[in-house]
Amino acid sequence: MKKVGVIGGGTMGAGIAEVVARAGDPVLVLERDTDSATAAQTRIAASLGRAVTSGRLTHAAADTARDLVTVTLDLNEFADRDLVVEAAPEIESVKIDFFRRLDEIVSKTAILATNTSSIPVIRIANATSQPERVVGIHFFNPVPVLPLVEIVVSLRTSENVVAEVTTYAAKRLGKKTIRSGDRAGFIVNALLVPYLVSAVRMLESGFATLEDIDEGMVAGCAHPMGPLRLCDTIGLDVVLAVSNSLYDEFRESQHAPPPLLRRMVEAGRLGRKSGKGFYSY
């Protein structure tokens, strides 16, 4: 797989495009309009700049990576891609629409992957004529920094596809990979999100302040970040979407999103990406 496409140039999509480009592969990013395309390019350039400043990347390597990224508004340009990774918003209907359209555009040997945080892959795969070539490849934010990728295998995903994607993520992108079955939340979010929404409930009830909740988990459990600040980093809209998916799948009260989480998302307080969540940025 030498030609990669990424659907969406937001926080996750830009991060995925960056790691592909840093591995030396040309990557095509789809955005919906010129403003979003400019924002995606700026996002990638800023991240590469931070990598140079921190000493993790040379100026020359950053320039090379930047040149390997192309942003387009035309989905038809993905016809020659060997691998397409969808990183659209965590809305099932939006993802299904992209896969239906991609199925008609890319070659029959191309692999279609979704970066969904929680939606069962089979629901997305069934929108295509070849569900065996659809796989979940779930990166974690920030993509250029966090080493893990979950490879999510549906009941119809080909083992050859799993092997190709796992090898690409591990050998080419330098990621650690784990394999997950296909149910809402997969491995990481199925364990993480109930913990996060429990912290939101604790804050909502007035039992403890957000500072004390976060400090308790950092200083008491050696977590690198408290749960409420982690919600801000992930994005409260993403936490809400995963929580909804988990509740729809399992119907257990621990997965139900608290009203406070819903109200914050409705108010546009999404965390770092909006400048305000549980904390201000």
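Scroll up for the structure.
Here's a quick rundown of the structure. (Residues numbered from 1 in each chain as written. Predicted model: local features only at pLDDT ≥ 70, side-chain atom pairs only at ≥ 80, totals over all residues. Heavy atoms only, no water.)

**Quick notes on the side chain of His255**
Of note, His255 is situated in the loop between α10 (236-250) and α11 (259-266). Contacts of His255, omitting those with residues within four sequence positions, involve Pro194, Arg201, Ser243, Leu246, Tyr247 and Phe250. (Helix = DSSP H or I, 4+ residues; strand = E, 2+ residues; numbered from the N terminus. Contact = heavy atoms within 4.5 Å.)

**Section: the packing of helix α7 (residues 188-204) against helix α8 (residues 210-221)**
Closest axis-to-axis distance for the α7/α8 pair is 9 Å, and the angle between their directions is 145 degrees. Between α7 and α8 the crossing geometry is right-handed. Between α7 and α8, the contacting residues are Tyr195, Ala199, Met202 and Leu203 on the first element and Leu210, Ile213 and Met217 on the second. Taken together, the residues of the contact of α7 with α8 break down into seven nonpolar, no polar and no charged. (Axes fitted to C-alpha atoms, helices over the stretch in contact; angles between N-to-C directions. Left-handed = near helix turned anticlockwise from the far one by under 90°. Nonpolar A, V, L, I, M, F, W, Y, C, P; charged D, E, K, R; others polar.)

**Describing unusual backbone geometry**
A cis amide bond, omega 0 degrees, links Asn141 with the succeeding residue Pro142. Relative to the helices and strands, Pro142 is located in the loop between β6 (134-139) and β7 (148-153). The phi torsion at Ala222 lies on the positive side, around 60 degrees, for a residue other than glycine. On the accessibility criterion, Ala222 (66% relative accessible area) is exposed. In the Ramachandran plot, Arg251 falls in the positive-phi region, its phi being about 55 degrees despite a non-glycine side chain. Within the secondary structure, Arg251 is located in the loop between α10 and α11. (Buried < 20%, exposed > 50% of the residue type's maximum accessible area, 1.4 Å probe, protein only.)

**Description of the pattern of salt bridges**
By the definition in use, this model includes 17 salt bridges. Here Arg32 and Glu31 are joined by a salt bridge, their closest N and O atoms 3.9 Å apart. The exposure class assigned to Arg32 is exposed, which follows from its relative accessible area of 68%. For Glu159, the salt bridge identified is with Arg179, shortest N-O distance 2.7 Å. Here Arg179 lies in strand β8 (residues 176-181) and Glu159 lies in helix α6 (residues 159-172), a separation of 20 residues in the sequence. A relative accessible area of 46% means that Glu159 is categorised as partly exposed. Shared partners join several salt bridges into a network, and the residues in it are Lys3, Asp80 and Arg81. (Salt bridge = Lys/Arg side-chain N within 4 Å of Asp/Glu carboxyl O.)

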